[in-house]
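An overview of the molecular structure
Next come the chains, spelled out residue by residue.
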Amino acid sequence: MALISQLEPKKVDEALKDDYWVKAMKDELDQFEKNKVRDLVPNPSNASIVGTKWVLRNKLNKSGQVVRNKARLVAQGYSQQEGIDYDEIFPPVARLESIRILLAFAAHKGFGLFQMDTKNAFLNGYISE
């Protein structure tokens, strides 16, 4: 498998020594640029700065073989304060009850359903597809 590291690094320093993980990290940063979801702004005096960290995982297929290196840059949410850094929260996954209702409604109406996997998803972003 080309451009895939079989090892999953425990720390960012380890990932930065591996060209495959550097490429995965660069792909994540390129998605920020492509989707225009970040802006560099001055440090606000009335709010705390939320740090970030890299989450590095190997994605496996059904037989347990590594098929992709996935790097995500995520906010360190434990440092956020409700009402100062954010007002609302949204779960990143659908509830099982919602999926059951959707499937039942689609079956009742005879609708066809299709699954679509997305490479990246950003809240409050504009989609031009």
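Residues numbered from 1 in each chain as written. Predicted model: local features only at pLDDT ≥ 70, side-chain atom pairs only at ≥ 80, totals over all residues. Heavy atoms only, no water.

**Here's the deal with the pairing of strand β2 (residues 66-75)**
- Bridge count for strand β1 (residues 52-60) against β2 is nine bridges, and the pairing is antiparallel. The residue bridging lysine 53 from the neighbouring strand is valine 74, located in β2.
- Linking β1 to β2, which pair antiparallel, is a turn of five residues; within it glycine 64 sits at a positive phi near 85°. (Pairing = 2+ DSSP bridges. Helix = DSSP H or I, 4+ residues; strand = E, 2+ residues; numbered from the N terminus.)

**A word on the confidence of the model for the protein chain**
- Taken over all residues, the pLDDT of the protein chain has a mean of 80, while the share at 70 or more is 75%.
- Mean pLDDT per element in the protein chain: β2 is the minimum at 85, and helix α3 (residues 96-109) is the maximum at 93. (pLDDT = per-residue confidence, 0-100.)

**Describing the nonpolar core**
- Ranked by size, the top nonpolar core spans seven residues in total: Ala15, Trp21, Ala24, Met25, Trp54, Leu56 and Ala71.
- Elements with a contribution of two residues or more to this core: α2 (19-35) and β1.
- In terms of residue count, the dominant contributor to this core is α2 (three residues).
- In contact with tryptophan 54, not counting residues within four places along its chain, are Val12, Met25, Glu28, Leu29, Ala71, Arg72 and Leu73. (Core = buried A, V, L, I, M, F, W, Y, C linked by side-chain atoms within 4.5 Å. Buried < 20%, exposed > 50% of the residue type's maximum accessible area, 1.4 Å probe, protein only. Contact = heavy atoms within 4.5 Å.)

**Observations regarding α3**
- Its 14 residues give α3 an end-to-end C-alpha distance of 20 Å, which sits within 8% of 20 Å, the value for a rise of 1.5 Å per residue.
- At the C-terminal side of α3, glycine 110 shows a positive phi close to 75°. (Expected span 1.5 Å × (residues − 1).)

**Side note on the side chain of aspartate 18**
- Here aspartate 18 shows up in the loop between α1 (12-15) and α2.
- Despite being buried, aspartate 18 has no salt bridge partner; lysine 17 is the closest side chain of opposite charge, sitting 11 Å away. (Lys, Arg positive; Asp, Glu negative; His and termini not counted. Salt bridge = Lys/Arg side-chain N within 4 Å of Asp/Glu carboxyl O.)

**Examining the environment of tryptophan 21**
- Looking at the element boundaries, tryptophan 21 is found in helix α2.
- Remark: the alpha-carbon pair of tryptophan 21 and lysine 70, spanning 49 residues in sequence, is separated by 8.1 Å.
- When residues no more than four places from it in sequence are discounted, the contact partners of tryptophan 21 are Ser5, Leu7, Glu8, Pro9, Ala15, Leu56, Arg57, Asn58, Asn69 and Lys70.

**Focus on the pattern of salt bridges**
- Evaluation of the coordinates by the stated rule reveals six salt bridges.
- Arginine 57 is the salt-bridge partner of glutamate 8, the closest N and O atoms lying 3.9 Å from each other. Taken as a pair, glutamate 8 in the segment before α1 and arginine 57 in strand β1 lie far apart in primary sequence, 49 residues in all.
- In this structure, the salt-bridge partner of glutamate 33 is arginine 38, at a minimum N-O distance of 2.5 Å.

**Structural notes on a nonpolar patch on the surface**
- A cluster of nonpolar side chains, Leu96, Ile99, Leu102, Leu103 and Leu113, forms an exposed patch at the surface whose accessible area comes to about 450 Å².
- Relative to the elements of secondary structure, leucine 113 occurs in the segment after α3.
- Classification of leucine 113 by relative accessible area gives partly exposed; the value is 45%. (Patch = residues over 30% accessible without salt bridge, like charges linked within 9 Å, V, L, I, M, F, W, Y side chains within 5 Å. Areas by Shrake-Rupley, 256 points an atom, 1.4 Å probe, with all protein chains shown as cover.)

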